[in-house]
Amino acid sequence: MSIYLQGAAKKDAALPVGDAERKARVQLAACYRIFDHLGWTEMIFNHITLRVPGTGRDAPPQFLINPFGLHYREVTASNLVLIDIEGNPLRESEWPVNRAGFVTHSAIHGAIETAHCVMHTHTTTGMAVACLKDGLSPTNFYAAQLHGGVAYHDFEGITVEPAEKERMVRDIGAKRAVILRNHGLLTWGPSVPEAFMMLWTLQRACDIQVASTSAGTLQPIESKVFEQTVRESGPGEKRVCEDVFAAMQRIVDAKDPSYRN
Ligand SMILES: [Zn+2]
């Protein structure tokens, strides 16, 4: 089966680009460039998807995804592909959509009410922790903030089948992020900045875990400290997420503002 999904019905070249979609396109394109800046890229693979604000209420939800074939560094506001929940393009696009990749995202978008933005990475340390039997170790500053909030879903192959979508959603339950075992990291949020901050925290936890375990014996954190750490942690605060994202966006603007096109 091809991983490409292109040429499906329902394309409408005349579908207008509204203000909400235009803003969503610029913010999502900025996010792709931020990932590139941070080195969270896997050639042309992986995805960050965003529901277009305002869609999904009176009419079916619409999503934006990276064109399959381009590096994150090449993603721009205008080349993001508008798709429905099945991954069918809703407007003419020169680029296809990666079927295998979007199925995972659509499961999260469809099942978690606050999952307006979904992010997935194959970073080396993220994948390394995903390959560990015990997963994330609650022994560092960032892992402590996520304590009790990370779900695990077993690896079942590259292509996510409908039945696996249900198992993945069940495994996630009410958690805030998921480690796809033997595979990678996945987070979501009500906005791009909030999903980004969650993924950044998880990514940093993995970085520190891999570095610290290779350096020596880990110092445990007392269990009574976790509750307070989770309560005090900043990642969940919307304002902090927005400020962090805005700062990162200024960096990519200074590097190359072409993503805004
Ligand atoms: Zn993946």
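For the structure itself, consult the block above.
What counts and what doesn't
Residues numbered from 1 in each chain as written. Predicted model: local features only at pLDDT ≥ 70, side-chain atom pairs only at ≥ 80, totals over all residues. Heavy atoms only, no water. Donors = N, O, S within 2.8 Å, 3.2 Å for Na, K, Ca; no water. Helix = DSSP H or I, 4+ residues; strand = E, 2+ residues; numbered from the N terminus. Salt bridge = Lys/Arg side-chain N within 4 Å of Asp/Glu carboxyl O. Buried < 20%, exposed > 50% of the residue type's maximum accessible area, 1.4 Å probe, protein only. Axes fitted to C-alpha atoms, helices over the stretch in contact; angles between N-to-C directions. Parallel < 35°, antiparallel > 145°, perpendicular 65-115°, else oblique. Contact = heavy atoms within 4.5 Å. Nonpolar A, V, L, I, M, F, W, Y, C, P; charged D, E, K, R; others polar.

Caption draft 1: Fine view of the coordination of the zinc ion. Protein-derived ligands of the zinc ion are H120 (NE2), H122 (NE2) and H183 (NE2), with the metal-ligand distances lying across 2.0 Å. One chain supplies every donor to the zinc ion, and in sequence these donors are spaced H-x1-H-x60-H. Of this pair, H122 sits in the loop between β6 (117–121) and α3 (124–130) while H183 sits in the loop between β8 (177–180) and β9 (184–189), and the two are 61 residues apart along the sequence.

Caption draft 2: Region of interest: the pattern of salt bridges. Scanning all chains against the criterion turns up 12 salt bridges. A salt bridge links R73 to D36; the nearest nitrogen and oxygen atoms lie 2.8 Å apart. With R73 in the loop between β3 (63–65) and β4 (81–83) and D36 in helix α1 (residues 19–38), this residue pair connects regions lying 37 residues apart in the sequence. Owing to a relative accessible area of 52%, R73 belongs among the exposed residues under this scheme. By relative accessible area, D36 is classed as buried at 12%. A salt bridge links D243 to R239; the nearest nitrogen and oxygen atoms lie 2.9 Å apart. One end of the pair is D243 and the other is R239, both in helix α8 (residues 238–255) and four residues apart, which spans about a single turn.

Caption draft 3: Quick peek at the packing of α1 against α8. Orientation of α1 relative to α8, taken along the N-to-C sense of each, is 80°, at an axis distance of 9 Å. Relative to α8, the element α1 is oriented roughly perpendicular. Contact residues: α1 offers V26, Q27, A30, C31, R33, I34, H37 and L38, while α8 offers F245, M248, Q249, I251, V252 and K255. Broken down by class, the residue content of the contact of α1 with α8 amounts to nine nonpolar, three polar and two charged.

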